[in-house]
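Here is how the chains run, residue by residue.
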Amino acid sequence: MRVSKLFMSTQREVPSDAEIVSHQLMLRAGLMRKAAAGIYSYMPLGYRAYRKVEAIVREEMDRAGAQELIMPAVLPAETYMASGRWEKFGPEMFRLKDRGGRQFCLGPTHEEPFTEAVRDTIRSYRNLPVTLYQIQHKYRDEKRPRFGVVRSREFVMKDAYSFDVDEAGLDKSYLNMKEAYCKIFDRCNLDYILVDADSGAMGGSGSQEFMVKSAVGEDAIAYCPSCDYAANEEKAPCPKVEAPKDVEMLEMEKIETPHVKTIEELMEFMKSEPTAFAKTILYNIDGKIVAVMVRGDREINETKLGNLFDATEMNLASFEEVERVTGAAVGFAGPCGLKEKIEVIADYEVAAMTNFIVGANETDFHFKNVNIGRDFTPDRIVDVRGAVEGDPCPKCGKPMSMCRGIEVGHIFKLGTKYSDALHCIYLDKDGKENSMIMGCYGIGVSRTLAAIIEQHYDENGIIWPMSVAPYQVIVVPTTSQDETVVKMANEIHDALEKAGAEVLIDDREERAGVKFKDADLIGIPIRITVGRKAAEGKVEYKLRAGSEVVEMTAEEAIAAALKEIEASK
RNA sequence: CGGGGUGUGGCUCAGGUGGUAGAGUGCUUGCUUCGGGAGCAAGAGGCCGCGAGUUCGAGUCUCGCCACUCCGACCA
């Protein structure tokens with residue numbers, strides 16, 4: 001391909017609305033263009049790289065025995081009504097009506113149509129298990145699209161769904177997908193970790209996320225440097241804590257704390273560490289007010305809390321609710337002397353505290369020397385705080401570390417949530433009806449492309465791994481005036497192309513510097529420069545990822561490039 | 001959904017107190033250059049986000065709307 005003919009424009013300046021490196025580079029290298037917030041078109045170079053990722057995904061899915069099909073992007077409302085998700089998705093779903101007023105949506109995820117398809121096709125256990133997948137655009141009207149293609153409103157996802165006769169079958173299907181995912185992300189040259197995740201609104205018994213380590217990732221991950229344990233911060237369990245023995249319970253006192261509402265203010269006022277306080281936060285969980293207590297320096301993990309109550313809707317209690325339940329202004333809630341009888345949940349750490357400070361449920365007052373058992377009794381003592389750096393690993397007990405990651409893949413054991421709702425059943429050997437056991441498995445294809453760039457760039461631009469590079473080699477003649485140079489460059493290009501390589505030749509009437517800058521920016525893995533030593537039959541061979549420039553003959557360069565490409569397969 | 005910010009050539013931005021729009025970069029042409037985004041010269045390119053209003057006159061002031069964006073909350 002001739003660069004002079006390539007539909008591409010690179011940009012010197014960083015577009016003002018791009019925050020993270022991958023987004024900036026994708027725009028600067030002209031891989032994509034923004035159409036609206038969170039909606040992008042791919043230009044030829046970007047689309048080629050995208051299709052490389054897609055091809056890897058497709059190959060590994062096929063190899064794993066999954067069968068590809070394609071569902072509509074526009075789906076009728078009824079498809080989502082039976083499972084309750086027409087309501088549950090809320091404003092995040094793009095909705096539309098046809099001319100007759102019938103309701104449709106742009107598919108945000110496709111459990112329902114896949115389940116319907118299997119329900120209507122398979123009746124017998126003899127035809128199970130089956131795993132189906134598609135690579136399709138998904139639509140979610142995100143509250144806040146950002147980071148380019150990392151969190152967008154239109155994106156491509158590979159979603160797969162497995163249907164089994166029993167749990168053992170699901171385990172097998174799940175493991176099969178997990179292995180395929182590892183191969184896919186390995187082939188994309190991603191440094192990722194597999195973490196335990198919350199199965200959330202998808203329901204089901206287990207799930208794991210494939211996280212690409214990145215400082216700009218939106219998820220926090222707790223991982224153990226000593227063993228292989230890793231979990232999403234919202235999933236990582238925090239252990240029970242032993243209460244110190246033989247601590248004398250001091251007499252409880254009410255103390256006046258005028259205008260001292262926050263933990264910071266309390267620390268200042270009481271001259272104490274945050275570990276001496278327990279904060280009490282009121283939540284409205286599906287219409288019920290609940291008090292949740294964690295140590296002063298901890299954060300409540302709303303995912304854990306929601307799971308405790310199997311909540312569908314959960315919010316911080318309103319000011320009015322807080323005042324009604326505590327009889328005090330916001331900031332003075334505590335477990336003792338609540339005006340209304342509500343459930344009190346205490347974190348494990350709180351249960352181990354002695355002589356601590358809590359709100360007095362009276363404006364401008366706190367209690368000190370409060371003790372569990374004597375002064376109040378929590379209804380439940382549970383794990384509701386988020387994991388933090390240094391927490392013991394649940395597997396080996398050593399201190400854990402925290403990092404951030406971009407979620408590129410997620411695998412779930414769904415169970416029968418959708419097969420029950422949509423009556424997706426099979427007949428077993430005894431002719432008895434059973435719900436199929438499902439799993440679902442997603443990969444954000446467009447997001448994966450961005451994640452690859454996040455891990456492969458330098459100050460000059462993208463450094464594509466060979467496996468996903470839009471072109472594998474770029475031939476750069478440093479001048480278009482010298483016939484020897486032009487001829488040799490063309491010969492190299494033609495020879496490489498003939499040998500099956502994907503190769504660009506920068507035949508533009510540009511100065512060498514411009515061509516080098518562009519070659520670096522768009523990240524082509526191998527560069528062959530034909531210039532001043534062309535007359536002696538020599539060219540320069542350079543890898544984008546390295547800094548070494550090797551002089552060799554054209555034939556040697558061609559052979560080296562082909563070898564490099566072969567080695568990456 | 002709450003709070004902030006910004007909308008001016010393709011891109012990055014400048015345009016006190018109202019007077020009919022500018023720079024850099026990119027683009028076109030010519031000359032000189034020619035190995036890491038060259039120099040000089042000459043050009044092309046703008047419903048100044050949209051709609052009202054104030055005014056003789058609005059990029060600039062007022063009001064409304066829209067879009068984009070950042071922080072937070074939220075999120076298979």
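The rules we used
Residues numbered from 1 in each chain as written. Chains lettered and ligands numbered in written order. Predicted model: local features only at pLDDT ≥ 70, side-chain atom pairs only at ≥ 80, totals over all residues. Heavy atoms only, no water. Helix = DSSP H or I, 4+ residues; strand = E, 2+ residues; numbered from the N terminus. Buried < 20%, exposed > 50% of the residue type's maximum accessible area, 1.4 Å probe, protein only. Areas by Shrake-Rupley, 256 points an atom, 1.4 Å probe, with all protein chains shown as cover. Lys, Arg positive; Asp, Glu negative; His and termini not counted. Charge placed at Lys NZ, Arg CZ, Asp CG, Glu CD. Pairing = 2+ DSSP bridges. Salt bridge = Lys/Arg side-chain N within 4 Å of Asp/Glu carboxyl O. Axes fitted to C-alpha atoms, helices over the stretch in contact; angles between N-to-C directions. Parallel < 35°, antiparallel > 145°, perpendicular 65-115°, else oblique. Left-handed = near helix turned anticlockwise from the far one by under 90°. Contact = heavy atoms within 4.5 Å. Nonpolar A, V, L, I, M, F, W, Y, C, P; charged D, E, K, R; others polar. Domains from an automatic or database assignment. Core = buried A, V, L, I, M, F, W, Y, C linked by side-chain atoms within 4.5 Å. Expected span 1.5 Å × (residues − 1). Polar contact = N/O pair within 3.5 Å; in protein donor to acceptor, adjacent residues only side chain to side chain. Phe/Tyr/Trp six-rings, centres within 6.5 Å; stacked < 30°, edge-to-face > 60°. Disulfide = S-S within 2.5 Å.

**Structural notes on the overall build of chain A**
- What chain A contains, in helices and strands, is 15 helices and 31 strands.
- With respect to the principal axes defined by its C-alpha atoms, chain A has extents near 95 × 70 × 50 Å.
- In chain A, buried positions account for 52% of the 569 residues.
- Accessible surface computed for chain A: about 26,500 Å², of which carbon and sulfur atoms make up 49%.
- In chain A, 73 side chains carry a positive charge and 93 a negative one; their mean positions are 3 Å apart.

**Concerning the pairing of strand E7 (residues 130-139)**
- The element E7 is extensively covered by neighbouring structure, given that nine of its 10 residues are classed as buried.
- Of the pairings in the sheet, the one linking strand E3 (residues 67-68) to E7 comprises two bridges and is parallel in character. When the bridges of E7 are listed, glutamate 68 appears paired with tyrosine 133.

**A short note on the pattern of salt bridges**
- Within this structure, the stated rule accounts for 40 salt bridges.
- When salt bridges with common partners are traced through the structure, they connect Arg295, Asp297, Arg298, Asp347, Glu349, Arg385 and Asp391 into a single cluster.

**Quick look at the sheet that holds strand E6 (residues 103-106)**
- Across the sheet, which stays open at both edges, the three strands sit in the order E4-E6-E5 with antiparallel pairing between neighbours. Each edge of the open sheet carries a strand with a single partner, namely strand E4 (74-76) and strand E5 (95-97). Put simply, the sheet's adjacent strands are angled 40 degrees from each other on average, direction ignored.
- Sheet analysis places E4 next to E6, joined by three bridges and oriented antiparallel. Bridge pairing links valine 74 to leucine 106 in E6.

**A closer look at the packing of helix H2 (residues 44-63) against helix H6 (residues 167-187)**
- One way to put it is that H2 packs onto H6 with a least axis distance of 9 Å and a crossing angle of 150 degrees. Looking at the two axes, H2 sits roughly antiparallel to H6. Our pair here, H2 against H6, has a crossing hand that is right-handed. Touching Ile56, Val57, Glu59, Glu60, Met61 and Arg63 of H2 are Met177, Ala180, Tyr181, Lys183, Ile184 and Arg187, all from H6.
- A per-class count over the contact of H2 with H6 returns seven nonpolar, no polar and five charged.

**Description of the domain arrangement of chain A**
- In terms of domains, chain A is made up of domain 1 (21-236 + 402-453), domain 2 (253-382) and domain 3 (471-567).
- Spacing between the C-alpha centres of domain 2 and domain 3 amounts to 67 Å.

**Things to note about the sheet that holds strand E29 (residues 526-530)**
- If you walk across this open sheet you meet the five strands as E28-E27-E29-E30-E31, and the pairing is mixed. In the strand order of this sheet, the two ends are held by strand E28 (503-505) and strand E31 (549-553), each with one partner. Adjacent strand axes in the sheet meet at a mean angle of 25 degrees, parallel and antiparallel pairs treated alike.
- In terms of strand pairing, strand E27 (residues 473-477) meets E28 through three bridges, oriented parallel. Looking at the pairing, valine 475 lines up with isoleucine 505 of E28.

**Observations regarding the environment of cysteine 182**
- Here cysteine 182 is to be found in helix H6.
- Those residues in contact with cysteine 182 that sit more than four places away from it in its chain are Tyr192 and Phe210.

**Some points on the nonpolar core**
- Membership of the largest hydrophobic core comes to 62 residues, with the highest contact counts inside it found for Met61, Tyr181, Phe185 and Trp464.
- When residues in this core are grouped by element, the largest group, seven residues, is from H2.
- Domain assignment of the residues forming this core places at least three in each of domain 1 (21-236 + 402-453) and domain 3 (471-567).
- Tryptophan 464 has contacts with Leu31, Ala49, Leu449, Ile452, Ile453, Ala469, Pro470, Ile522, Gly523 and Pro525, leaving out every residue within four places of it along the chain.

**Some points on helix H13 (residues 483-498)**
- Between its first and last C-alpha atoms H13 spans 22 Å; for 16 residues at 1.5 Å apiece the expected length is 22 Å, and the two agree.
- On its buried face, H13 sits against E27, E28, E29, strand E30 (538-543) and helix H15 (554-567).
- A distance of 2.8 Å separates the backbone nitrogen of threonine 484 from a side-chain oxygen at the start of H13, and that oxygen is part of aspartate 482.
- Looking at the residues trailing H13, positive phi occurs at glycine 500, about 95 degrees.

**Regarding the packing of aromatic side chains**
- Applying the stated criterion across every chain, the model contains 10 aromatic pairs.
- Note on phenylalanine 185 and tyrosine 192: the rings are 5.8 Å apart at their centroids and 55 degrees apart in plane angle, and the pair reads as tilted.
- Owing to a relative accessible area of 0%, phenylalanine 185 belongs among the buried residues under this scheme.
- Here the aromatic rings of phenylalanine 356 and phenylalanine 376 are separated by 6.5 Å at their centres, their planes lie at 80 degrees, and the arrangement is edge-to-face. Of this pair, phenylalanine 356 sits in strand E18 (residues 356-359) while phenylalanine 376 sits in the loop between strand E19 (365-370) and strand E20 (380-382), and the two are 20 residues apart along the sequence. With respect to class, phenylalanine 356 is no different from phenylalanine 376; both count as buried.
- Grouped by ring-pair contacts, the aromatic residues Tyr181, Phe185, Tyr192 and Phe210 constitute a single cluster.

**Remarks on the state of the cysteines**
- All chains considered together, the criterion is met by zero disulfides.
- The structure places no disulfide on cysteine 227, whose sulfur is separated from the nearest cysteine sulfur, that of cysteine 393, by 3.6 Å.
- Looking at cysteine 227, the relative accessible area reads 22%, which means it is partly exposed.
- Cysteine 440 provides the cysteine sulfur closest to cysteine 424, a residue in no disulfide bond, and the two sulfurs are 14 Å apart.
- Take cysteine 424: its relative accessible area is 0%, and that puts it in the buried class.

**Comments concerning the side chain of serine 83**
- Topologically, serine 83 is positioned in the loop between helix H3 (77-81) and helix H4 (85-88).
- Within the structure, serine 83 has its side chain in polar contact with the side chain of glutamate 112 (distance 2.5 Å).
- Residues in contact with serine 83, not counting those within four places in the same chain, are Glu112, Tyr418, Ala421 and Leu422.

**Here we look at unusual backbone geometry**
- Across the junction of leucine 128 and proline 129, the peptide omega takes the value 0 degrees, indicating a cis bond.
- By secondary structure assignment, the location of proline 129 is in the loop between helix H5 (111-121) and E7.
- Unusually for a residue other than glycine, asparagine 369 sits at a positive phi of about 60 degrees.
- If you trace the backbone, asparagine 369 turns up in strand E19.
- Classification of asparagine 369 by relative accessible area gives buried; the value is 8%.
- Positive phi values are uncommon outside glycine, yet histidine 423 reaches one of about 55 degrees.
- With respect to the element layout, histidine 423 can be found in the loop between helix H11 (417-421) and strand E22 (425-427).

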